[in-house]
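Analysis of the macromolecular model
Read off the chains here:
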Amino acid sequence: GSRTKMGALLAEKELNASGKEFELIIEDSALDPKQGLSAAQKLVMVDKVDALYVDFTVVATAVATFAESSKKLMVYSAAAESLARKHANVFKTYS
């Protein structure tokens, strides 16, 4: 949501200020699994990102298999732990 976005933008600013090059590219899933998967595909195939961050379970579920097949790290903050157990490259931010 909006708070996650604000935190990510702050982290980007702090990383760049410390001399670490970091570019954040944000796509909005609108909590729609299909839109979230499409956004993830664009980020990986067009923007060539190194990792994905997904907010909310319904979107994370849609994106996890794609992230694994693309060999991209995916971090998500959602209630479901099962995604992190099913996919070696998928990690949950809290328990």
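Our structure is the block above this text.
These numbers were taken from a predicted model, which means no experiment stands behind them.

**A word on the overall build of the protein**
For the protein, the count of helices and strands is 4 helices and 3 strands. Reading the secondary structure of the protein in the N-to-C direction produces α-α-β-α-β-α-β. Taking 95 residues into account, the globule formula puts the C-alpha radius of gyration at 12 Å, and the protein, at 13 Å, falls close to it. Taken over the C-alpha atoms alone, the protein extends approximately 35 × 30 × 25 Å along its principal axes. Taken over 95 residues, the protein has a buried fraction of 28%.

**Side note on helix 2 (residues 33–45)**
In an α-helix there are 3.6 residues to a turn, and that puts residues three or four apart on one side. Its 13 residues give helix 2 an end-to-end C-alpha distance of 18 Å, which sits within 8% of 18 Å, the value for a rise of 1.5 Å per residue. Of all the positions in helix 2, only G36, A39, A40, L43 and V44 are classed as buried. With its buried residues spanning 130 degrees around the axis, helix 2 presents them on a single face. For helix 2, the secondary structure elements touched by its buried residues are strand 1 (51–55) and helix 3 (57–69). The opening residue of helix 2, the one whose side-chain oxygen lies 3.0 Å from the backbone nitrogen of K34, is D32.

**A short note on the sheet that holds strand 1**
On the basis of which strands lie adjacent, the open sheet formed by 3 strands has the order 1-2-3 and parallel pairing. Edge positions in the sheet fall to strand 1 and strand 3 (90–92), since each of these pairs with one other strand and no more. When strand polarity is set aside, the average angle formed by the axes of neighbouring strands in this sheet is 20 degrees. Examined bridge by bridge, strand 1 and strand 2 (residues 73–77) share 5 bridges and lie parallel to one another. Looking at strand 2, one finds that V54 is bridged to Y76.

**Concerning the packing of helix 2 against helix 3**
Contact geometry of helix 2 with helix 3 gives a least axis separation of 8 Å together with a crossing angle of 40 degrees. Comparing their axes, helix 3 and helix 2 come out oblique. For the pair helix 2 and helix 3, the crossing hand works out as right-handed. Contact residues: helix 2 offers P33, G36, L37, A40, Q41, V44 and M45, while helix 3 offers V58, V59, A62, V63 and F66. Grouping the constituent residues of the contact of helix 2 with helix 3 by class yields 10 nonpolar, 2 polar and no charged.

Scoring rules and cut-offs
- Residues numbered from 1 in each chain as written.
- Predicted model: local features only at pLDDT ≥ 70, side-chain atom pairs only at ≥ 80, totals over all residues.
- Heavy atoms only, no water.
- Helix = DSSP H or I, 4+ residues; strand = E, 2+ residues; numbered from the N terminus.
- Rg over C-alpha atoms; globule rule 2.2 N^0.38 Å.
- Buried < 20%, exposed > 50% of the residue type's maximum accessible area, 1.4 Å probe, protein only.
- Expected span 1.5 Å × (residues − 1).
- Arc of directions from axis to C-beta.
- Contact = heavy atoms within 4.5 Å.
- Polar contact = N/O pair within 3.5 Å; in protein donor to acceptor, adjacent residues only side chain to side chain.
- Pairing = 2+ DSSP bridges.
- Axes fitted to C-alpha atoms, helices over the stretch in contact; angles between N-to-C directions.
- Parallel < 35°, antiparallel > 145°, perpendicular 65-115°, else oblique.
- Left-handed = near helix turned anticlockwise from the far one by under 90°.
- Nonpolar A, V, L, I, M, F, W, Y, C, P; charged D, E, K, R; others polar.

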